[in-house]
Number of protein chains: 2
Amino acid sequence: MTPQFRPIADQVEILMRGVDCGDMQTQAAMQEELTERLAQSRDAGRPLRVYCGFDPSRADLHLGHTVPLRKLRQFQDLGHEVVFLIGTFTGIIGDPSDKDSARAQQTLDDSMQKAETFATQAFRVLDRQTTRVDYNHRWLKDLTFADVINVASLFTVQQFLGRQNFRMRFEKGDPIWLHEFFYALMQAFDAYVLETDVQIGGTDQLFNLMAGRKLMHAKGLRPQTVLTYPILPGTDGVKRMSKSTGNTIDLEDSPGQMFTKVLNLPDTVIPLYCDLLTRWDSCRLTHVHARFADDMPAVKRELAREIVSAYHDDSQVARAERDAADMFSGSMPSDTPEFKVVGSAGLLDVLQAAGLIESKGKGRRLVQQGGVKLDGKTVTDPFITALEPKTGDRVVQIGKTRFLRLVR
Amino acid sequence: MTPQFRPIADQVEILMRGVDCGDMQTQAAMQEELTERLAQSRDAGRPLRVYCGFDPSRADLHLGHTVPLRKLRQFQDLGHEVVFLIGTFTGIIGDPSDKDSARAQQTLDDSMQKAETFATQAFRVLDRQTTRVDYNHRWLKDLTFADVINVASLFTVQQFLGRQNFRMRFEKGDPIWLHEFFYALMQAFDAYVLETDVQIGGTDQLFNLMAGRKLMHAKGLRPQTVLTYPILPGTDGVKRMSKSTGNTIDLEDSPGQMFTKVLNLPDTVIPLYCDLLTRWDSCRLTHVHARFADDMPAVKRELAREIVSAYHDDSQVARAERDAADMFSGSMPSDTPEFKVVGSAGLLDVLQAAGLIESKGKGRRLVQQGGVKLDGKTVTDPFITALEPKTGDRVVQIGKTRFLRLVR
């Protein structure tokens, strides 16, 4: 049965949403290529092959990770073929820049196991049935020195040093290790071996995606079309969302936490969040965009509902909204977990055991900064016990969104 | 039978002659390492393993090529083991920078055949019996991407760009292709695989030789000692001796040509030529050095005799000296080759057929510059016939040293 594709203009509208290819000329060229490919795909009844590569070392996904997944999902929903490519090769060889620790390289089994966990989380966005999962160690491990030389000969050192990340380090005099240039070569090989039509990646990956075009051209293949998306800022609205910065909205956040974090986002990032993180169609996005100026609070609430609904469940949305209101007023939300306190355990011991603070040192600083409340009152002494013998249950609150009910 | 080695101090004196490791600190460190290794070699009765790599694409050797060969020969004469390593791997993969022509890569057979010719010429200096000839495709062709990444992670891009050749091109904005950085990695692997004690190379190769030290250290081997020699200037006394510059003294030059070219060298290069190109021992070299200031013409004559004797035969020296005197006075030397002229062939046709000019265009320019003589008279018309019907044999002379007898 020949697949039926939606009209080309509709597909382009959906697929180019949120895409940013760096400069206007590249953007226009890529849109034109995509349009042409979609037309050929429709005429031949052949889905496009689209891929995005992922690093298997990341464990818990946050919204930043979902941006490429959403874009891949759009392709899936339009009937195209998606390759979810896991960068197992990097895992096998280990990161050689980490020279001091001389740590053992991962076995392929380790690497595959991590990849599995990662893929499982990705299927909260992707359609598992139609996703092809692949692993780049399958071809990269067999490349010879001669293969590497041949692809390296397509690039100048100056092109690499022109990339923003390398240029900045070069100008600062920070060492750039030669093998760091190889990641682009690896990605180029992936695109070539997979014979992809389209590759998805962050704007910071544009160079690596373009490397794929170069290699495909050199090898006589039609170069892939590259669609890059802007880097998602975190809850501070400025820095890239990342675990180490601590500005993430995690897929594992409770519905109430998720909802609250979205409501607290700076207005400036809402348009991007709407474009990159929702399942809304073009018509709805157009309407939402028209309301940013006058109706931002309502848009934020809609966005929060959409995100909770996407990663939890429609049924959780109402409760999340209530919980967020509670948190806003300082009360405890309905999904607050309980923690059983034994004897006269110290507060910091309890918070660490419950996983709310990484270390007691960090907990102490948090208390000193006024970030911990007990039954609504700011804690000033970090060394108090969690539950006094005579008091009943208490509620401890860390920051705005994290609550714990202390029980005996 | 345990080999007997000469006293360490004598060996060091011979082996460090002409060596220039870039800066005084490296020079001192290398001499110290060499001394230590020689002592251990003597104590263990184990010869040192010394190697130098050669590119198999070069065909006709000139004196510039003999500099590392002489150094290797010194090691052989002192009882050490020499590996004459031919860079067949480069030949197999082809030079990928030559992108416009997309020329076919050499087969291993081609590459080995060239290597064979090259080695045969090298045995005019090296002792064939005790030389181990090896080919680096044997190990480099089997290296994987992971191997290359691991060695690349030992180097920063800045270290490569700090090399004089790359730095100059970088500053001029000339493209540096990524794979050009790989030659150092290849040499590093060669040293590591061969487990060498000493590597010989030109001062322009110092970085590549040091790369071998780095890799050996990273792999837990004792890093090789590197001995580099200065680049030999050609007959102009300034530019590196090379075929393309046209300032070579070739091993295939006739005894008379060789002798004349040495006599015509600028005085400034004579000390270096004595150190790098002769079989003279330390005692003789010391005496020769003492005579540069007062007795240069005699030293030059001694040097010319030594070089002719090394590449032709002792019996040729006297004739070479006579021939050189003849050339100096414009007469034809005794070893002038004959060329049979048919009919009314043009002079330039004959010179080209005899291999004395590369093209008729170049021949024309040579005539215009007054560089061609016929029977001792400067030729002004490039289009004359070689032999007039009525004249007998004639002698044509190009430049100072090249003669041809035109016969019917």
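Residues numbered from 1 in each chain as written. Chains lettered and ligands numbered in written order. Predicted model: local features only at pLDDT ≥ 70, side-chain atom pairs only at ≥ 80, totals over all residues. Heavy atoms only, no water.

*Asks:* I'm lost on the pattern of salt bridges in this one. Help?
*Replies:* When their charged atoms lie close together, side chains carrying opposite charge are able to pair. All names here are of chain B. Tallied over the entire structure, the rule returns 54 salt bridges over all chains. Put simply, R132 and D134 hold a salt bridge, and the shortest N to O gap is 3.0 Å. For R132, a relative accessible area of 29% gives the class partly exposed. On the basis of relative accessible area, D134 is assigned to the buried category, the value being 4%. Between E321 and R305 there is a salt bridge whose closest N-O contact spans 3.2 Å. Placement of E321 in helix α15 (residues 314-328) and of R305 in helix α14 (residues 282-311) is noted, with a sequence separation of 16 residues between them. (Salt bridge = Lys/Arg side-chain N within 4 Å of Asp/Glu carboxyl O. Buried < 20%, exposed > 50% of the residue type's maximum accessible area, 1.4 Å probe, protein only. Helix = DSSP H or I, 4+ residues; strand = E, 2+ residues; numbered from the N terminus.)

*Asks:* Where do I start with empty space enclosed by the protein in this structure?
*Replies:* In this approach, a probe sized like a water molecule rolls over the atoms, and the result shows the empty space that is left. Overall, the coordinates contain two cavities of 30 Å³ or more when judged by the stated rule. Roughly 100 Å³ of volume is contained in the largest cavity. Lining the largest cavity are 14 residues, with R17(B), V67(B), K71(B), D275(B) and L276(B) positioned closest to its centre. Looking at the lining of the largest cavity, the elements with two or more residues in it are α3 (63-77), β5 (225-229) and α13 (270-277) of chain B. Top contributing element to the lining of the largest cavity by residue count: α3(B), with four residues. Grouping the constituent residues of the lining of the largest cavity by class yields seven nonpolar, three polar and four charged. Every residue lining the second largest cavity is listed: R17(A), G18(A), V19(A), V67(A), R70(A), K71(A), Q74(A), Y229(A), D275(A), L276(A), L277(A) and T278(A). Contributions of two or more residues to the lining of the second largest cavity are made by α3 (63-77) and α13 (270-277) of chain A. Sort the elements by how many residues they give to the lining of the second largest cavity and α3(A) lands first, with four residues. For the lining of the second largest cavity, the per-class residue count stands at five nonpolar, three polar and four charged. (1 Å grid on protein atoms, 1.4 Å probe; cavity = no way out; pocket = protein on both sides within 12 Å on 5 of 7 lines; lining within 4 Å. Points joined across faces, edges and corners; volume = space filled by probe spheres on them. Nonpolar A, V, L, I, M, F, W, Y, C, P; charged D, E, K, R; others polar.)

*Asks:* Looking at this structure, I do not really get unusual backbone geometry. What am I missing?
*Replies:* Trans peptide bonds make up most of the peptide bonds, and negative phi angles are found at most residues other than glycine. Phi at E195(A) is positive, roughly 50°, even though this residue is not glycine. Tracing the sequence through the fold places E195(A) in the loop between α10 (182-194) and β4 (198-202).

*Asks:* It is not clear to me how the sheet that holds strand β2 (residues 81-86) of chain A should be interpreted in this structure. Could you clarify?
*Replies:* Strand pairing within a sheet occurs via backbone hydrogen bonds; the two strands may be parallel or antiparallel. Residue and element names in this part refer to chain A. Overall, parallel pairing links the five strands, which are arranged β3-β2-β1-β4-β5 in an open sheet. One side of each edge strand has no neighbouring strand; the edge strands of this open sheet are β3 (131-135) and β5 (225-229). For this sheet, the mean inter-axis angle between neighbouring strands, taken without regard to orientation, is 25°. The pairing of β4 with β5 spans five bridges and is classified as parallel. Counted as the bridge partner of Q199 is V226 from β5. (Pairing = 2+ DSSP bridges. Axes fitted to C-alpha atoms, helices over the stretch in contact; angles between N-to-C directions.)

*Asks:* I tried to follow the relation of the copies chain A and chain B on my own but got confused; where do I start?
*Replies:* Relating one copy of the chain to the other takes a rotation about an axis and a shift parallel to that axis. Rotating chain A by 180° and moving it 0.0 Å along the rotation axis overlays it on chain B with an RMSD of 0.3 Å. Both copies are brought into coincidence by an operation consistent with a two-fold rotation axis. Judged by C-alpha distance, T144(A) is the residue of chain A that lies nearest the rotation axis, at 2.5 Å. The overlap is high: 100% of the interface residues of chain A also sit at the interface in chain B, so the same surface is used on both sides. (Least-squares fit on C-alpha atoms with pLDDT ≥ 70 in both. Contact = heavy atoms within 4.5 Å.)

*Asks:* Is there a simple way to explain the confidence of the model for chain A in this structure?
*Replies:* Reading predicted coordinates in detail is not appropriate for stretches of low pLDDT. All names here are of chain A. With 93% of its residues at a pLDDT of 70 or more, chain A has an overall mean of 87. The model gives residues 98-104 a pLDDT under 50, and that stretch makes four contacts with residues more than four places away or in other chains. Across the interfaces of the predicted complex, the ipTM metric reaches 0.74, alongside a pTM of 0.75. (pLDDT = per-residue confidence, 0-100.)

*Asks:* Looking at this structure, I do not really get helix α7 (residues 145-152) of chain A. What am I missing?
*Replies:* Structural remark: α-helix, 3.6 residues per turn; residues separated by three or four positions point the same way. The element α7(A) is largely enclosed, with a buried count of six among its eight residues. Of all the residues in α7(A), the buried ones are F145(A), A146(A), V148(A), I149(A), V151(A) and A152(A).

*Asks:* What should I look at first to understand the pairing of β5(A) in this one?
*Replies:* Every other side chain in a regular strand lies on the same face of the sheet, so the side chains alternate between the two faces. For β5(A), a buried count of five out of five residues is recorded, marking the element as mostly surrounded by other parts of the structure. Burial of β5(A) is two-sided: the residues T225(A), L227(A) and Y229(A) facing one way and the residues V226(A) and T228(A) facing the other way are all buried.

*Asks:* Looking at this model, I keep getting lost on the environment of K400(A). Mind explaining?
*Replies:* Among the secondary structure elements, K400(A) is positioned in the loop between β9 (394-398) and β10 (402-407). Measuring from C-alpha to C-alpha, the distance between K400(A) and T260(A) comes to 8.5 Å, with 140 residues separating the pair along the chain.

*Asks:* What am I meant to see in the interface of chain A and chain B here?
*Replies:* How large an interface is tends to be reported as the accessible area lost when its parts come together. Counting residues at the interface gives 35 residues for chain A, matched by 35 residues for chain B. Both sides together, the interface formed by chain A and chain B hides about 3,100 Å², and carbon and sulfur atoms give 77% of it. The largest share of the area that chain A buries against chain B comes from F145(A), I149(A) and L178(A), three residues that together contribute 24% of it. Counting every contact that joins chain A to chain B gives zero salt bridges. (Buried area = accessible area lost by both parts, 1.4 Å probe.)

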